[in-house]
Amino acid sequence: MENPENIDRMTTLSQVMKTLSERGIHREFRMNESCEMKFENSDKIYKPNELTILKTYRFEGDSNPDDNAVLYVVKDDAGNRGMIIDSYGADSNYPGEEFDKFLREIPILESDEFNF
């Protein structure tokens, strides 16, 4: 995770996920094989405008580009909070263009609540 202000802050995906879990955010939004975005343990299919990105964390491996990942803290219209996790670079968790297109269409409202 890029962090020029404070080198001592959390810098790994697992550290951020642990802190989010302690704050009640432990479920994921995931795109299935049919290119439908769903909230973990839910049947609801989301459109991008039904979600808001509250925070984006980027992680870059020091020596291995395969370690690149991004975590988005996301809220739906009902107030449910979760995360979307994706590796980026040459290999993504989601093949094809549908996932990237979906992400670009989600509104962003960065929240200071997740600055840790």
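Look up a bit, the structure's there.
Before going into details, it helps to say that this report is about the structure given with it. As the structure is a computational prediction, the values presented were derived from the model and not from experiment.

**Thoughts on the pattern of salt bridges**
Then, number 1: With the rule as written, the count across this model stands at 7 salt bridges.
Then, number 2: A salt bridge links E50 to K44; its shortest N-O distance comes to 3.3 Å.
Then, number 3: Assessed through its relative accessible area of 19%, E50 is described here as buried.
Then, number 4: We classify K44 as partly exposed; its relative accessible area is 37%.
Then, number 5: E105 is paired through a salt bridge with K101; the nearest N and O atoms lie 2.7 Å apart. Of the two residues, E105 and K101 both sit in helix 2 (residues 98-105), 4 residues apart, roughly one turn of that helix.
Then, number 6: Judged by its relative accessible area of 41%, E105 falls in the partly exposed class.
Then, number 7: A single network of salt bridges, built from pairs that share partners, joins E28, R30 and E40.

**Let's talk about the nonpolar core**
Note on soluble globular proteins: their nonpolar side chains tend to be buried together.
Then, number 1: Residues F29, M37, L51 and I84 are the most contacted members of the largest nonpolar core, which totals 16 residues.
Then, number 2: Within the residue set of this core, elements represented by two or more residues are strand 1 (29-31), strand 2 (37-39), strand 4 (51-59), strand 5 (69-76) and helix 2.
Then, number 3: Ignoring sequence-local partners within four residues, the contact set of M37 consists of F29, R30, M31, K44, I45, Y46, L51, I84, F99 and F102.
Then, number 4: Residues I25, L54, F59 and M83 belong to the second largest nonpolar core, which totals 12 residues.

Rules used in this analysis
- Residues numbered from 1 in each chain as written.
- Predicted model: local features only at pLDDT ≥ 70, side-chain atom pairs only at ≥ 80, totals over all residues.
- Heavy atoms only, no water.
- Salt bridge = Lys/Arg side-chain N within 4 Å of Asp/Glu carboxyl O.
- Buried < 20%, exposed > 50% of the residue type's maximum accessible area, 1.4 Å probe, protein only.
- Helix = DSSP H or I, 4+ residues; strand = E, 2+ residues; numbered from the N terminus.
- Core = buried A, V, L, I, M, F, W, Y, C linked by side-chain atoms within 4.5 Å.
- Contact = heavy atoms within 4.5 Å.

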